[in-house]
Amino acid sequence: REELGRIVASDLFCRSERLCRFLRFSVEQALRGESDRVKEYVVAVEAYGRPASFDSRVDPVVRVEARRLRDRLKTWYEGEGRNARIRIELPRGGYAALFHDPAASAPKHEPAPAQRTMAVLPFANLNPGPENDYLCDGLTEELIHSLTKVRELRVVAWNSAARMKGREQDLGAIREQLGVETILRGSIRCLGDRLRITAQLIESASGYYLWSETWDRSASDVFAIEEEIAQAIVNTLRVQLWPESPTRLTRRATNIECYNAYLKGRFHWNKRSPEGLRLGLRCFEDAVALDPDWALGWAGLGDSFAVLAENELLPQEIAIPAANRAAERATSLDPNLAEAYATLGLLRSRYDWKWDEAAVFFRRAIDLNPGYATAHFWYGFHYLAMTGRLEEALAEAELAVSLDPLSVIAQEGRGFVL
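What the protein chain contains, in helices and strands, is 17 helices and eight strands. For 418 residues, the compact-globule estimate of 2.2 N^0.38 gives 22 Å, and the C-alpha radius of gyration of the protein chain, at 23 Å, lies within 12% of that figure. Burial analysis of the protein chain (418 residues in total) assigns 55% to the buried set. Long-range pairs, those at least 24 residues apart, make up 59% of the contacts in the protein chain with a sequence separation of at least 6. Measuring between centres, the 54 positive side-chain charges of the protein chain sit 3 Å from its 60 negative side-chain charges.

In structure tokens, the structure reads:
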């Protein structure tokens, strides 16, 4: 308790009430001999006042704050607390405090985190020209979206995965920069109206192949191939779907022309350049013209108008109503579409200042897809920070960075909150 008092009174900790609350709770439980009850749910409810309905899949506060607490304790013991007679530790993989004698020669082994980590690298285009780059990137991004819905699997977001294009063979660098234990890579070759798609799931440390498959199919079968790849990864890694997730992992369009237009839209939109955003908008307009009842096309259209407005590439009085109409159309067609709810949250917070509505939309997006980095980024940046909830905003910013570690936008958001 004396060491705890020194820590929480220090300049390093005294201004972070959330970290002090976590540390006090964990230490007191350990001193009472009740470390076994210091689980994520208990910390959330008893230390942070979350309601009894708390769901860790939706609210990552304990995991994020635990990571911050470990880093802060490390800094304390490297500096002012370096001569402490007792060290308080929070081992990875748990939330119960341990008390360590610095003079002990044998370090304690930290249990490995339960969550599996993987990166889906951009599929290589084996055709000589760039005409099919959109298909390769689009298939990759859709697989990432599908796999973010899987229990116990953290999937690196598209922005960071795309930075590895052309470096698929450098497993060591990918493992180091993205912090993943498994890597999915593949290739696409178009032969007339036929597709040859290969995919391999690789252990990043050893380079061993965990699974490999090749498909020779009609181009119209791309939806089925996406489904098979995602399901094969789930089976290989022995992870489970969220109980409330739909059985199908991928989002299908009614025809291949509509789907191609959508993939081209995302291909251009992801570049975030003025020309890319404008081209993306036209492609999404083509997609909804081809199938007015496909929700994902409307979600893409809403994203385009919203980001064009944010970057002052379209007048707000034109772009914001159009973004609202498109996102609301998407949610009316598919009430389980995380992207559209995140866009509505952005619009309500950034442009309308309707904070209560924004919170509902952001929480719905994160509930539907806890691995959607953009939702966490927008929620922290445009809602929590702007309403003065800075500790929570930083937690969301940290989570967005962990999901998308090489994203300049996510890093900017974390810097903004700090």
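Picking up where we left off.
Where helix α10 (residues 274-290) contacts helix α11 (residues 295-310), the axes come no closer than 9 Å and their chain directions differ by 155 degrees. Judged by the angle between their axes, α10 and α11 are roughly antiparallel. Seen from above, α10 lies across α11 with left-handed handedness. In contact with Leu277, Arg278, Gly280, Leu281, Phe284, Glu285 and Val288 of α10, α11 contributes Gly297, Trp298, Gly300, Leu301, Ser304, Phe305, Val307 and Leu308. Of the residues in the contact of α10 with α11, the class split is nine nonpolar, four polar and two charged.

Quick look at the nonpolar core now. Phe123, Leu184 and Ile229 are the most contacted members of the largest nonpolar core, which has 91 residues in total. It is α11 that provides the largest number of residues to this core, a total of ten residues. Ignoring any residue separated from it by four or fewer positions in sequence, one finds Leu184 in contact with Met118, Ala119, Val120, Leu121, Phe123, Leu143, Ala199, Gln200, Leu201, Trp211, Ile229 and Ile233. Phe25, Val27, Phe54 and Leu73 belong to the second-largest nonpolar core, a separate cluster that totals 31 residues.

In total, this model carries 20 salt bridges according to the counting rule given. One salt bridge in this structure joins Glu46 and Arg37, with 2.6 Å as the shortest N-O distance. Arg116 is the salt-bridge partner of Glu181, the closest N and O atoms lying 2.8 Å from each other. Residue Glu181 is located in the loop between α7 (171-178) and β6 (182-191), and its partner Arg116 is located in strand β3 (residues 116-120); the two are separated by 65 residues in the primary sequence. Among the residues examined, Glu181 registers a relative accessible area of 28% and is labelled partly exposed. Ionic contacts of the salt-bridge type, sharing partners, join the residues Arg18, Glu65, Arg68 and Glu391 into one network.

Take the pairing of β6 next. Both faces of the sheet carry side chains from a regular strand, because those side chains alternate between them. With eight of ten residues buried, β6 is to be regarded as a mostly interior element. Two elements, β3 and β6, share three bridges in a ladder whose sense is parallel. What sits directly across from Val120, in β6, is Leu184. As paired elements, strand β4 (residues 124-125) and β6 share two bridges and run parallel to each other. Across the sheet, Asn125 pairs through a bridge with Ile188, a residue of β6. Bridge count between β6 and strand β7 (residues 194-203): ten bridges; the pairing is antiparallel. Note that in β7 the partner of Arg185 across the bridge is Gln200.

Attention now moves to helix α12 (residues 316-333). Helix length check: α12 (18 residues) gives 25 Å between terminal C-alpha atoms against 26 Å at 1.5 Å per residue, within 8%. Taken together, the buried positions of α12 are Ala319, Ile320, Ala322, Ala323, Asn324, Ala326, Ala327, Ala330 and Thr331. Packed against the buried residues of α12 are α11 and α13 (338-352).

With that out of the way, let us pick up the packing of aromatic side chains. Evaluation of the coordinates by the stated rule reveals 14 aromatic pairs. Seen from their ring centres, Phe22 and Tyr95 are 6.3 Å apart, and the 50 degrees between their planes marks the pair as tilted. Taken together, the positions of Phe22 in helix α2 (residues 17-31) and Tyr95 in the loop between β1 (87-89) and β2 (98-100) put the pair 73 residues apart, joining distant regions of the chain. When its relative accessible area of 0% is taken as the criterion, Phe22 is described as buried. When its relative accessible area of 14% is taken as the criterion, Tyr95 is described as buried.

On to a nonpolar patch on the surface, then. On the surface, a cluster of nonpolar side chains totalling about 250 Å² of accessible area is made up of Leu31, Ile86 and Phe99. Relative to the assigned elements, Ile86 resides in the loop between α4 (61-78) and β1. Look at Ile86 and you get partly exposed, because its relative accessible area is 43%.

In this section: the packing of helix α15 (residues 373-384) against helix α16 (residues 390-403). It is at 8 Å that the axes of α15 and α16 come closest, and there the two elements cross at 155 degrees. With respect to their mutual orientation, α15 and α16 come out roughly antiparallel. Judged by the sense of rotation from one axis to the other, the crossing of α15 with α16 is left-handed. Two secondary-structure elements touch here, α15 through Ala373, His376, Phe377, Tyr379, Gly380 and Leu384 and α16 through Glu392, Ala393, Glu396, Leu399, Ala400 and Leu403.

Under the 1.5 Å per step criterion, the end-to-end length of α10 is 25 Å for 17 residues, consistent within 8% with the ideal 24 Å. Among all positions in α10, only Gly276, Leu277, Gly280, Leu281, Cys283, Phe284, Ala287 and Val288 are buried. On its buried side, α10 packs onto α9 (256-269) and α11.

A separate point is the pairing of β3. β3 sits mainly inside the fold: four of its five residues count as buried. Where β3 and strand β5 (residues 153-155) come together, three bridges link them in parallel fashion. Its bridge partner lying in β5, Thr117 is registered against Arg154.

The rules behind these values
Residues numbered from 1 in each chain as written. Predicted model: local features only at pLDDT ≥ 70, side-chain atom pairs only at ≥ 80, totals over all residues. Heavy atoms only, no water. Helix = DSSP H or I, 4+ residues; strand = E, 2+ residues; numbered from the N terminus. Rg over C-alpha atoms; globule rule 2.2 N^0.38 Å. Buried < 20%, exposed > 50% of the residue type's maximum accessible area, 1.4 Å probe, protein only. Contact = heavy atoms within 4.5 Å. Lys, Arg positive; Asp, Glu negative; His and termini not counted. Charge placed at Lys NZ, Arg CZ, Asp CG, Glu CD. Axes fitted to C-alpha atoms, helices over the stretch in contact; angles between N-to-C directions. Parallel < 35°, antiparallel > 145°, perpendicular 65-115°, else oblique. Left-handed = near helix turned anticlockwise from the far one by under 90°. Nonpolar A, V, L, I, M, F, W, Y, C, P; charged D, E, K, R; others polar. Core = buried A, V, L, I, M, F, W, Y, C linked by side-chain atoms within 4.5 Å. Salt bridge = Lys/Arg side-chain N within 4 Å of Asp/Glu carboxyl O. Pairing = 2+ DSSP bridges. Expected span 1.5 Å × (residues − 1). Phe/Tyr/Trp six-rings, centres within 6.5 Å; stacked < 30°, edge-to-face > 60°. Patch = residues over 30% accessible without salt bridge, like charges linked within 9 Å, V, L, I, M, F, W, Y side chains within 5 Å. Areas by Shrake-Rupley, 256 points an atom, 1.4 Å probe, with all protein chains shown as cover.

Function cannot be read off these values alone, since they describe shape.
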